Amino acid sequence: MDLHQRGWLGWATLFAIALSVNSLSKHDMFDYGEQAGDQLLEQGTDQTQALILNQSMFFFDGAYDTVYINTNGFLAVEEPKVESEYLGKMPASFGMIAIFLGDLDNSDGVGKVYYRQDSRPSVLLRTIDHISQAFPQDDEIKPTHALIITWENVAAHGEHGRGDGLDRKRNTFQLVVASMASASYAILFYPREGLQYISTPVAGQSVPVQAGFSQGLVQAWFSWSSSQGPYYRIATDDEASVRQLSEETNSGRRGVWVYEIGTSPFFSSITPGLVTNLSPEEGVAVGQVEPVSESPPRNNGEQQEIDFPPYEHEEEEETPEPELPPTVYPVQYQPRYPVVPESPQPRYPEPVQTSYPEPVQTSYPEPHLFFSSKIVFFLRMWFVFFSAVFAYSSETCASNRQKCSSFADCKDYTNGYCCHCRPGFYGNGKDCVAEGKPQRMNGKVSGRVFVGNSPSPLEFYNNDLHSYVVANDGRAYVAISTIPAGLGPSLQPLSSLGGVIGWAFALEQPGYENGFSIIGGVFSRQAEVTFLPGNERLTIKQEFKGVDEHDHLVVSTELEGRLPEVPHGSTVQIDPYKELYQYGSNRITSSSNRDYTVSLLDGSVQTKTYQWRQTITYQSCPNDEAVRAVQPTQQLSVDQIFVMYDSGNQLIRYAMSNKIGSIHGDTSQHNQNPCFTGRHGCDTNAACRPGEGVQFTCECSTGFTGDGRQCYDIDECRETPEICGSHAVCNNQPGTFRCECVDGFQFASNGKTCVEVDRPIDHCQRGTNNCDIPERARCSYTGASAYICSCLSGFVGDGHTCQDIDECEQGRCHQDAVCYNAQGSFTCQCRPGFHGDGFRCAPGSPELEKTQCERDRESIQVSSDTGSFTFFRPRPAVSQYVPTCDQHGAYEPTQCHGSIGQCWCVDGNGQEVPNTRTGPGQRPLLIPPPIGPTTRPDVSPVAPGTHLLFAQSGKIEHIPLDGYSMNKGEAKALLHLPDRVVIAVAYDCVEKMVYWTDITGPSISKASLEGGDIISLVTTDLESPEGLAIDYLARLMFWTDSMKDRIEVAKLDGSQRRVLFDTDLVNPRPIVADPSYGRLYWADWNRDGPKIEMSNMDGTDRTVLVKDDLGLPNGLTYDPESQQLCWADAGTRKVQCMDPNGRNRRTIVEGIQYPFAIVSHGRNLYYTDWRREAVVAVDRTTDRETDEFLPQKRSRVYGIATTPTQCPQGKPPHTSSLSQ
């Protein structure tokens, strides 16, 4: 090859590089096709498919649950008209997104229209990337749903080639609609090689395609007619503007256009992306010269083609999705564990400073310079291309430290940086967790599963998944909620559905590492399950999104396929198994055979098998020059497997023990160390440190303190009060803490500083308006920060200045009356010798007119007169009620009937106010009780943080907690409940609702923590409901009735009520639930035989835990963090605790007076005391009382509960029925 040829080859290479950098390719669009899970639109022209959305789409000012996909390059929000009514006649009469609107055709089988709905994290992250680049100032982009529609190789209708269709010009383009709770965005993709024509024949003429957003016809205000709504045009009727769809942008990426298309509750207009210049890696660098070809002439009746210069087509290969920067959520900041070496001020990574390129100034060359300018263009692109390649090498910790975990150090290498977890933590550096600390996983499960030979699938969406693993012994627990009875039994064999957390945090053998230690918390998992002998197949897809602000691993799961049927009521036993994990570059594979046994209701047993194959993909740090050695093959050993489907609560539960180690097993003496077998006595919040032989020590995890056998949470909020900064509240959590901005403030973009919320101001309520004084003018708030001033009746003016109207000058009174003017009013009084109201006066003396009350009273008295003794004063019959009137003749607010001994309240007309009648010896309040909970103005809404709720007769109060200290100065009433005796109080952490029992109704009710109407849940077949417990996971409530001597359960709305126990109960009162483990605990203060009992939530396995040394066990609480069941006994005058299995019972405090109820929060217990009429705090770590709160109104205090800022994730005990 000579120099000349080599030169042209070099230019050709540069040309290909330049075009590949500058142009959007089909491969840059979102994945599509049948392999991506897409559905196909029916072939033809003007074909329409209605699609019901999983989440509403906002378009202009409307929200739509159904959309219509059409061959002709558009998405409609209502059923489209025939194409003759809109092709070439835009805007249309119906709402549509026109991405490439023309007369299109895919009837030849080559062109296809694909569509799907997608909520996978990888897809949503890509939408966030595009939207955030188009709207760089918007940091609240959090889509939860995507609709992806792809028109591939569609031709123009009416244009024919040689017959086989291969020579027809074809276009490919894509629309992605990303929606979140209050807005929707449209992302439009126009790949350069995908646009081969820009017009289609319409009515015999070639008409350019159209792109834009049309609202369609809208109802006119104050009339029955309709008018054309707004039409936002992306391309005009000029062909040149259509060509620019693949050449320009508003999102910083050539051929990609982003628009905000709808918002709720307020909508102003379609908003285009703000970045119209191309970033250097996407387009022309600043100062570049780019050639522009002339527009081809327009030919009537012919479809037009964009005349692009020839270029080399890219190879068809799958390109991985780019690694996206971590999403910053500026609503909360959680520095999981403070590092305070010298100063209490925490250290935070510097915020990311994002820069955006300046607008490109493009100059166009003269025609005779075209070739030379092209050379300049190639040279510049060569420089830009290789600058982009070598830019990765320049990434250093200085600008990327914030991408590492707050528990990791950043280290620079030759080719970039890597993150490494600090001592005491493990992970991949971007996700690090404390050694020995229990780990939790939360997520959602969706699926479309066929069971047995059923022709119809069972579909479910966003079911809750909760998992928990005791890291220092490898025991994992999984629960999935709302699984229908037709599917639940058949899911029992799939223990690995959530058991991936077992591999991630498996107990490590010497020289081996669990999954999280190697790859962290961001990875994808796909498993293929084949059941034998029926050959049923199921696919499991899981996306792990890392550790969230609560220190929980987050996962989304999708199931699709068929399961062999396990009959209802059958139980499943899974044999222990071993699984080999093969570790490669960013890829892990494993396979195993699982044997399981199905025990049927008729006593027969079936033994079955399934094959399990899975692939885990992740992204490791490529820059570490000294990558730690990972064993290429490791063996996961799984035993002590337990599975159960709870049909009553629609919950499926799994439990298993997991170890990761050598493929040759754990036969060495070294591996018998208790740290490697899990048979140690370390606290669940401690790491086991192996020593020589079988020696070991226990060390509390970071964030906890103690001797390792018992570990207690460190209260960072108390020990470092200023750790969260100004305008923030610190909430302590197990092993960590969390900062929340106070009301009126929110986190800035750095995620840690609380700044004042720029919210609308109600100047009327605040008193900062310029209206006249309230005695003369009214201020009316109209939204935003606007208001209107208007004069009151009796005054005149503009509202800012109001003057009194002298009504006396207007002759408003009678001619025989005197008028007296006053500010804003007047009075009329008849002259002497006249009587009347001043507006009407008549001569003579006034005769007093009786009031309604006096007339009612007189009528009853007269009707009771027999006529024989008229000289006596009339008296009513003994059984009759006579109203009482005050000195002015009005009804007394309180009326009583002495014969029956009842009193009630009446309104101004003497009508009884409902629900105010009381029994003998009691009088109702003069003020009628509220319909809903009346919250004091300075109480609603309740400020962020954890609070204590406690009941007194007639109300529920709350005390804010500052760490573990009661903030007594801020204690206030939450709900006023006149004439009610509230006994038990409970709290639902999911919906933030307060529940209580009332023995005067009797009833069980609820109300929002922030106020609102009282909702009665259970009002019948109750006598004395005294205990109440909430299962936030299964959405159930349990209560005790000490008069009916039974324990009942119902849904949280009061439905599906049933009796759990009605035997061997005398005086059941306190009851508590452990949702994560599905257990109930209650106490019976039967004086002849007090006891504390336990059962499963479905009523099985009822067991007496404590029956000795009990007196009156009034209060009971369970702390899932410390696995302690504690009670307060008014008979023995003690507070005692033990583990849920009835062991390790110990006395916390004794000599107390008369406790009624008790609740746990962290290391503290809080109980109510009848004799002290107080709420008392007890520190379990020091076994002493630390504080008490005396309510302003001194009376008996009853039930008590806490309002945690997040739902607790309890941990099951080491030894239980699940582990046997």
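Residues numbered from 1 in each chain as written. Predicted model: local features only at pLDDT ≥ 70, side-chain atom pairs only at ≥ 80, totals over all residues. Heavy atoms only, no water.

Colleague: Looking at this structure, I do not really get the overall build of the protein chain. What am I missing?
Modeller: Across its full length, the protein chain holds 12 helices and 78 strands. By the burial criterion, 50% of the 1220 residues in the protein chain qualify as buried. Total accessible area on the protein chain is roughly 57100 Å²; 49% of this is exposed by carbon and sulfur atoms. (Helix = DSSP H or I, 4+ residues; strand = E, 2+ residues; numbered from the N terminus. Buried < 20%, exposed > 50% of the residue type's maximum accessible area, 1.4 Å probe, protein only. Areas by Shrake-Rupley, 256 points an atom, 1.4 Å probe, with all protein chains shown as cover.)

Colleague: What should I look at first to understand the state of the cysteines in this one?
Modeller: In a disulfide, the sulfur atoms of two cysteines are covalently bonded to one another. Inspection of every chain in the model, using the stated rule, returns 20 disulfides. Between the sulfur of C397 and that of C410 lies a disulfide, 2.1 Å long from S to S. The sign of the -85 degrees torsion about the S-S bond sets the C397-C410 disulfide as left-handed. Taken together, the residues span a long stretch of sequence, with C397 in helix α5 (residues 397–400) and C410 in strand β19 (residues 408–413) at a distance of 13 residues. Judged by relative accessible area, which is 3%, C397 ranks as buried. With a relative accessible area of 15%, C410 lands in the buried category. (Disulfide = S-S within 2.5 Å.)

Colleague: Would you mind going over the confidence of the model for the protein chain with me for this structure?
Modeller: Low pLDDT means the predicted coordinates in that region are not meant to be read closely. In this model, the protein chain carries an average pLDDT of 79, and 80% of its residues clear a pLDDT of 70 or more. Confidence drops under pLDDT 50 across residues 925–941; counting only partners more than four residues distant or on other chains, this segment forms 34 contacts. Across residues 1210–1220, confidence stays below pLDDT 50; counting only partners more than four residues off in sequence or on other chains, it has 41 contacts. (pLDDT = per-residue confidence, 0-100. Contact = heavy atoms within 4.5 Å.)

Colleague: Please clarify how the nonpolar core should be interpreted in this entry.
Modeller: Side chains of a nonpolar character, in soluble globular proteins, are inclined to be buried together. By size, the foremost hydrophobic cluster in this structure holds 62 residues, and its most contacted members are I480, L491, L494, W503, F505 and Y654. Apart from residues no more than four positions distant in its own chain, W503 is found in contact with N514, G515, I519, F523, Y581, Y583, I588, I616, L636, N658 and I660. L948, L961, L974 and A1177 belong to the second-largest nonpolar core, a separate cluster that totals 43 residues. (Core = buried A, V, L, I, M, F, W, Y, C linked by side-chain atoms within 4.5 Å.)

Colleague: Looking at this structure, how should I read the side chain of R1172?
Modeller: Mapped onto the fold, R1172 is located in the loop between β75 (1164–1169) and β76 (1174–1179). Here R1172 falls in the buried class, since its relative accessible area comes to 19%. Within polar-contact distance, the side chain of R1172 engages the side chain of E1188 at 2.9 Å. Excluding residues that lie within four positions of it along the chain, R1172 makes contacts with Q1153, Y1167, E1185, E1188, L1190 and R1194. (Polar contact = N/O pair within 3.5 Å; in protein donor to acceptor, adjacent residues only side chain to side chain.)

Colleague: Hey, could you run me through the sheet that holds strand β72 (residues 1134–1138) in this one?
Modeller: Reading across from one edge, β70-β71-β72-β73 is the order of the four strands in this open sheet, with antiparallel pairing throughout. Two strands lie at the open edges of the sheet, namely β70 (1113–1119) and β73 (1146–1150), each paired on one side alone. Neighbour-to-neighbour, the strand axes of the sheet open up by a mean angle of 20 degrees, direction not taken into account. (Pairing = 2+ DSSP bridges. Axes fitted to C-alpha atoms, helices over the stretch in contact; angles between N-to-C directions.)

Colleague: Mind showing me how you'd approach the environment of Q492 here?
Modeller: Its place among the elements puts Q492 in the loop between α6 (488–491) and α7 (496–504). Taking relative accessible area as the criterion, Q492 reaches 3% and is therefore assigned buried. Ignoring sequence-local partners within four residues, the contact set of Q492 consists of V566, S570, T571, V572, I574, V643, M644, Y645, I652 and Y654. For Q492, the side chain forms a polar contact with the main-chain oxygen of P489, separated by 3.0 Å.

Colleague: I keep staring at the environment of V478 and nothing clicks. Help me out?
Modeller: Following the sequence through the fold, V478 ends up in strand β25 (residues 475–480). A relative accessible area of 3% means that V478 is categorised as buried. For the pair formed by V478 and M656, sequence separation is 178 residues and the distance between their alpha carbons is 9.1 Å.

Colleague: What should I look at first to understand the sheet that holds strand β77 (residues 1184–1189) in this one?
Modeller: Sheet strands pair by backbone hydrogen bonding; their relative direction is either parallel or antiparallel. Across the sheet, which stays open at both edges, the four strands sit in the order β74-β75-β76-β77 with antiparallel pairing between neighbours. The open sheet has two free edges, formed respectively by β74 (1155–1161) and β77, since each of these has just one partner strand. Each strand axis lies, on average, 25 degrees off the axis of its neighbour in the sheet, ignoring direction. Bridge count for β75 against β76 is six bridges, and the pairing is antiparallel. The residue bridging Y1167 from the neighbouring strand is V1176, located in β76.

Colleague: What is the right way to read the pattern of salt bridges from this model?
Modeller: Note that side chains of opposite charge can pair when their charged atoms are close. One pass over the structure, following the stated rule, counts 40 salt bridges. A salt bridge links E1093 to K1091, with the nearest nitrogen and oxygen atoms 3.5 Å apart. The buried category is assigned to K1091, whose relative accessible area is 9%. With its nearest N and O atoms 3.2 Å apart, the salt bridge here joins R1172 to E1185. Within this pair, whereas R1172 is found in the loop between β75 and β76, its partner E1185 is found in strand β77, the two being separated by 13 residues in sequence. We classify E1185 as partly exposed; its relative accessible area is 30%. In this structure, a network of salt bridges that share partners links the residues D1021, E1023, K1044, R1046, E1048 and R1057. (Salt bridge = Lys/Arg side-chain N within 4 Å of Asp/Glu carboxyl O.)

Colleague: Explain unusual backbone geometry here, please?
Modeller: Excluding glycine, a negative phi dihedral is what most residues carry, and trans is how most peptide bonds are arranged. A cis amide bond links M90 with the next residue in sequence, P91, at an omega value of 5 degrees. The residue P91 is located in the loop between β4 (74–76) and β5 (96–101) in this model. Geometrically, the link from G1001 to P1002 is a cis peptide bond, its omega value of -15 degrees lying close to zero. By the secondary structure assignment, P1002 is in the loop between β59 (993–998) and β60 (1003–1008). Here the phi dihedral of D46 falls at roughly 60 degrees; this positive angle occurs in a residue that is not glycine.

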